Amino acid sequence: VLIVAIIALFIPCSFSWIKTSSINYLLGVVMFGMGLTLNLSDFRIVFSRPKDVCIGCLAQFSIMPIIAWLLARCFNLSDELAIGLILVGCCPGGTASNVITYLAKGDLPLSVGMTCVSTILAPFITPLLTWLLVGTHVNVDILSMFWSIAKVIILPIGLGFIIKRLFANFAASATEFLPAVSSIAIALIVGSVVAANSTQLTNSGIIIMVVVILHNICGFALGYL
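As the structure is a prediction and not an experimental result, all values here were calculated from the model.

Draft legend 1. How the structure looks around the overall build of the protein. The helix and strand tally for the protein stands at 12 helices and 0 strands. In the protein, the succession of α and β elements from N to C terminus is α-α-α-α-α-α-α-α-α-α-α-α. By the compact-globule yardstick of 17 Å for 225 residues, the protein fits well, its C-alpha radius of gyration being 18 Å. In the protein, of all internal contacts separated by at least 6 residues, the share reaching a separation of at least 24 is 81%. Total accessible area on the protein stands at roughly 13,000 Å², and carbon and sulfur atoms take up 73% of it. Here the protein holds 9 positive side-chain charges and 7 negative ones, and the gap between their average locations is 8 Å.

Draft legend 2. Seen up close, the packing of helix H1 (residues 2-10) against helix H11 (residues 178-196). The contact between H1 and H11 brings their axes to 8 Å, and the two run at 25 degrees. In terms of their interaxial angle, H1 and H11 are classed as roughly parallel. Crossing angle aside, the handedness with which H1 passes H11 is right-handed. Mapping the contact onto sequence places Val 4, Ala 5, Ala 8 and Leu 9 in H1 and Ala 187, Val 190, Gly 191, Val 194 and Ala 195 in H11.

Draft legend 3. Region of interest: a nonpolar patch on the surface. Side chains of Ile 3, Ile 6, Ile 7, Phe 10 and Ile 11 sit close together on the surface and give an oily, nonpolar patch of about 530 Å² of accessible area. On the secondary structure map, Ile 11 appears in the loop between H1 and helix H2 (23-35). In this structure Ile 11 comes out as partly exposed when scored by relative accessible area, which is 45%.

Draft legend 4. Representation of helix H8 (residues 108-134) within the structure. In a regular helix each residue adds 1.5 Å, so 27 residues correspond to 39 Å; H8 covers only 34 Å between its end C-alpha atoms and thus falls short of that length. Ala 122 marks the point of greatest bend in H8, at about 65 degrees, and the proline Pro 123 comes within the next four residues. Gly 135 sits one or two residues past H8 and shows a positive phi near 70 degrees.

Draft legend 5. Representation of the packing of helix H5 (residues 63-74) against helix H12 (residues 198-224) in the model. Between H5 and H12, whose axes approach to 10 Å, the crossing angle comes to 140 degrees. In terms of their interaxial angle, H5 and H12 are classed as oblique. Here H5 runs over H12; the crossing is right-handed. Residues Ile 63, Met 64, Ile 67, Ala 68 and Leu 71 of H5 touch H12, and the partners they reach there are Val 211, Leu 214, His 215, Cys 218, Gly 219 and Leu 222.

Definitions and limits used
- Residues numbered from 1 in each chain as written.
- Predicted model: local features only at pLDDT ≥ 70, side-chain atom pairs only at ≥ 80, totals over all residues.
- Heavy atoms only, no water.
- Helix = DSSP H or I, 4+ residues; strand = E, 2+ residues; numbered from the N terminus.
- Rg over C-alpha atoms; globule rule 2.2 N^0.38 Å.
- Contact = heavy atoms within 4.5 Å.
- Areas by Shrake-Rupley, 256 points an atom, 1.4 Å probe, with all protein chains shown as cover.
- Lys, Arg positive; Asp, Glu negative; His and termini not counted.
- Charge placed at Lys NZ, Arg CZ, Asp CG, Glu CD.
- Axes fitted to C-alpha atoms, helices over the stretch in contact; angles between N-to-C directions.
- Parallel < 35°, antiparallel > 145°, perpendicular 65-115°, else oblique.
- Left-handed = near helix turned anticlockwise from the far one by under 90°.
- Patch = residues over 30% accessible without salt bridge, like charges linked within 9 Å, V, L, I, M, F, W, Y side chains within 5 Å.
- Salt bridge = Lys/Arg side-chain N within 4 Å of Asp/Glu carboxyl O.
- Buried < 20%, exposed > 50% of the residue type's maximum accessible area, 1.4 Å probe, protein only.
- Expected span 1.5 Å × (residues − 1).
- Bend = angle between axes of the 7 residues up to and from the residue.

Structure below.
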């Protein structure tokens, strides 16, 4: 992923052929692979642990926005960068977090459940938090967001789960290759995004890199504690 990011930054044409509009489809492929690894009991675990999901979502919409706001103040970021960083902090957990959880052999059902719940809450909470922290109103297309979570997460995972139930031998064989497929997909997504924004990243990439890394480190440390 790091190698792809560096290549895409300095040679954007090497990954500009991957349109950012195709990112959802790449994530859908990864989600389908995850569905092949899940069992019915995994979904029961999520519904039997509402406390864990609630704590995770509460942390998502409190710790991450506040850290983003503090970093923007500490680094005296320009209005554009500050709003961008705070908006990232106010957003729900992304689909890529499920991929990382899967590759790290973490609690995948809980991760998927938290992503779904936080994304459903996001159309209401993200604009409110952004307005409270930076005084800027952000319009969110609620129907588009709901369709996105269905298309990128629920449908592919559900399809993978069904295929596993119907074709168990195929699912077992495919599972051996899924981590590689997921890693390649993430690398292509990173290459696409970096290539599309190479000019902006070149102009202010260092400060963006520092604050984003700190944002993640601080969030992870507080979550761990």
